[in-house]
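Fold and geometry: a report
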Amino acid sequence: MLDLVWLIPTLPLAGFLVLVLGGRVLGEPRAGWLATLCCGGSFLITALVFFGLVDRGAADRHFEQTLWTWLPSGSLHVEFGFLVDPLSITMALFITGIGTLIHLYSIGYMHGDPKFSKFFLYLNLFAASMLLLVLGNNMLLTFLGWEGVGACSYFLISFWFSKEANASAGKKAFVTNRIGDWGFMIAMFLTFQATGTLQYGGEHGILEQAHTLAPVTATAIAALLFVGACGKSAQLPLYVWLPDAMAGPTPVSALIHAATMVTSGIYLMTRVNPLLAQGYDWLPNTIAWVGVATAFLAATIAVAQNDIKKILAYSTVSQLGYMFLAIGSGAYVAAVFHMVTHAFFKALLFLGSGSVIHGMHEEQDIRRMGGLRKYMPITAVTFIIGWLAIAGIPPFAGFWSKDDILLAALNKNPALWAFGFVTALLTAFYMSRQVFLVFFGEERFRDAGADLPADEAHAQAHDEAQAEAHDGAQDGAHDGAGALAHAHGVEPHESGWHMTVPLVVLAALAVLGGGLNLPFTDSSKLLERWLEPVLESAGRSTETHFSVDGSVQTGLAIGTALLCALAISLAWTIYLRRKGADAEKIELDLFAHAWHYDEGITAFAGGPGRAGFEGVAALDRNVVDGAVNGVGSLVRWTSSKLRLAQTGYVRSYALGIVVGAIVLLGLFLGKAA
């Protein structure tokens, strides 16, 4: 069954090619069903490969399939092949599984869109690229998938590109990720220079040679890969693209920016963990501090956001920070565990938010909602499950994975744990705020703008009218319905089965996902034992040895859960009991404006940055190009003067010969005298 691995990325790629050629002919909903079946087929093949890997002993759970030699160029020998091991197949399982659910959800969500088939074309291409990223058996194939998902994210974020904000968001994601991609590229060059190969596995592969590298070389490669990971996984200072990426359709947010693409950096750093082990200690410390700083910063920003998707976007940035905190603390299993559980509950929350937006006729401001659990019971129940999971309430999945990370952080540095602990409390608070304002309390959606300041309500109404007029037919199915709802009030409704079935499945996974790695006994640590061959074969143990005893660990876990429950009760008091009376004390303007970080980048890029680049362009134009053009002009002028000596007359050349002979004769006679 392992020989079927080539079909995993091939099926969604085939769906992409069919939709390129005949997507318009298939139309709605057949194009969506084709794409969904291709992704679902990929999931079934992945499951078969998984069972084939399980049949092998732990030490033999490594399989490589080479299809052809891709680049036979001198000493550079790159194969096009796939690496099947516990890490890659774990990634492939939730990429294809959750991807299939999101494809199914999209059939209902994108109903009526003029570009229905094109949307699914991009989804299939993204799935194929992401699978190539995690299954590739060398760095160059990983990079090919890495660039593929980057290109697809640009297409999908700016899918409704007639809105300037959407087009700008796509460009922002593309440009920001290029910075990270630079780090990946330089890391590849340095890796090949140091090891002579780009292959991961094998006796002469990168992972086996890592312990032979000089610490400075290993550190340089790992640090450059971390730069790439910061770009894809939205860490400081490159996180700014992900909140703006919410401009894309909600299934895009769930697929790319919650469950798959943004986990690329976590996968990459886990894959090359031997390089981190061989390098200097300052790099893992840096990764941990960047992760916890990103987690804390994004959590504070989420406290004051009012867009239902923006809250989840900053939450994603924060949870990714937790995963990097685990990587920097050496807890690779905890990082992968949280990556999997996060894929479950964050995909659920994003799809749930899409169901709310759909049921509210494209409304996204949580201040215009309230009491929706009565109108959207399935969406409400499943969203609440996702909320409890991300808030760290037992026995939901997020409690177990987040607790593992906090224990690893405490084991490494109590200061890291403190920041992570405060972030956990903030997460419970802002997610509770979102749930209470959306599904509980008073119904605020019948009078649009009633709970907004007058000037803000007027400005938003004006912006919506302008957007509707600008977008015309292309986005009429989305913005037109929203504008009509704002004018006459809305009547929320539950979404169709295409959208609610994925919510129910993901809700079940958000409840049961913690069972993958329960801390009670060695036999209950399923994920740890599953990943053991990947980490131990590279000289790393999957087990994190804690400096605190078991009773203290249990006490910390219980205490964290109780304080998260206290944060939930605080949100209930502020937003339900007191109806937001004290909200301004917490929803600071600094948080609402994202610490002015994004605004600062924009101001710099549009001011000193633009002036600086214009100066560089002027220098290139006047000095560099001027020097080149000047040399050419000098040669042309000199040649034009020398050309005058070439008359074409024989008598002139004969006279020159006579004059030359006389001069030479004079020189000889002078020397003889």
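Residues numbered from 1 in each chain as written. Predicted model: local features only at pLDDT ≥ 70, side-chain atom pairs only at ≥ 80, totals over all residues. Heavy atoms only, no water.

1. Thoughts on the overall build of the chain
In terms of helices and strands, the chain carries 26 helices and 2 strands. Overall size of the chain, expressed as C-alpha extent along the three principal axes, is 120 × 65 × 55 Å. In the chain, which comprises 673 residues, the proportion classed as buried is 54%. Charge-centre separation for the chain: the mean point of 38 positive side chains lies 8 Å from the mean point of 50 negative side chains. (Helix = DSSP H or I, 4+ residues; strand = E, 2+ residues; numbered from the N terminus. Buried < 20%, exposed > 50% of the residue type's maximum accessible area, 1.4 Å probe, protein only. Lys, Arg positive; Asp, Glu negative; His and termini not counted. Charge placed at Lys NZ, Arg CZ, Asp CG, Glu CD.)

2. Regarding helix H25 (residues 597–642)
In this model, H25 (46 residues) spans 62 Å end to end at C-alpha, consistent with the 68 Å of a helix rising 1.5 Å per residue. Residue glycine 609 marks the point of greatest curvature in H25, where the axis turns by about 45°. (Expected span 1.5 Å × (residues − 1). Bend = angle between axes of the 7 residues up to and from the residue.)

3. Observations regarding the packing of helix H15 (residues 332–359) against helix H16 (residues 377–390)
Where H15 contacts H16, the axes come no closer than 9 Å and their chain directions differ by 145°. Regarding H15 and H16, the two cross each other, and that crossing is left-handed. For the pair H15 and H16, the contacting residues are Phe345, Lys346, Leu348, Leu349, Gly352, Ser353, Ser355 and Val356 in the first and Thr379, Thr382, Phe383, Gly386, Trp387, Ala389 and Ile390 in the second. Partitioning the contact of H15 with H16 into residue classes produces 8 nonpolar, 6 polar and 1 charged. (Axes fitted to C-alpha atoms, helices over the stretch in contact; angles between N-to-C directions. Left-handed = near helix turned anticlockwise from the far one by under 90°. Contact = heavy atoms within 4.5 Å. Nonpolar A, V, L, I, M, F, W, Y, C, P; charged D, E, K, R; others polar.)

4. Looking at a nonpolar patch on the surface
Nonpolar side chains collect at one region of the surface, where Leu655, Val659, Val663, Leu664, Leu667 and Phe668 lie side by side and expose about 600 Å² of accessible area between them. Along the chain, leucine 655 falls in helix H26 (residues 650–672). (Patch = residues over 30% accessible without salt bridge, like charges linked within 9 Å, V, L, I, M, F, W, Y side chains within 5 Å. Areas by Shrake-Rupley, 256 points an atom, 1.4 Å probe, with all protein chains shown as cover. Salt bridge = Lys/Arg side-chain N within 4 Å of Asp/Glu carboxyl O.)

5. Let's talk about the packing of aromatic side chains
One pass over the structure, following the stated rule, counts 30 aromatic pairs. Considering the side-chain rings of tryptophan 70 and phenylalanine 80, the 6.0 Å spacing of their centres and the 75° angle between planes classify their relative orientation as edge-to-face. Of this pair, tryptophan 70 sits in strand E1 (residues 63–73) while phenylalanine 80 sits in strand E2 (residues 76–84), and the two are 10 residues apart along the sequence. Through a chain of ring-to-ring contacts, three or more aromatic side chains come together here, namely Phe116, Phe119, Phe120, Tyr122, Tyr154, Phe155, Phe159, Trp160 and Phe174. Above the face of the tyrosine 200 ring, arginine 271 is positioned so that its terminal group lies 5.8 Å from the ring centre. (Phe/Tyr/Trp six-rings, centres within 6.5 Å; stacked < 30°, edge-to-face > 60°. Lys NZ or Arg CZ within 6 Å of the ring centre and 35° of its normal.)

6. Re the pattern of salt bridges
The final tally for this structure, using the stated rule, is 12 salt bridges. Across the salt bridge formed by arginine 433 and glutamate 587, the nearest N and O atoms sit 2.9 Å from each other. Of the two residues, arginine 433 sits in helix H18 (residues 414–439) while glutamate 587 sits in the loop between helix H23 (550–577) and helix H24 (589–592), which places them 154 residues apart along the sequence. For arginine 433, a relative accessible area of 1% translates into the label buried. With relative accessibility at 23%, the residue glutamate 587 sits in the partly exposed group. The partner of glutamate 442 in a salt bridge is lysine 579, with the nearest N and O atoms 3.0 Å apart. Linking glutamate 442 in the loop between H18 and helix H19 (454–471) with lysine 579 in the loop between H23 and H24, this pair joins segments that are 137 residues apart in sequence. Relative accessible area serves as the criterion here: at 46%, glutamate 442 is assigned to the partly exposed category. Ionic contacts of the salt-bridge type, sharing partners, join the residues Glu147, Arg178, Asp181 and Lys232 into one network.

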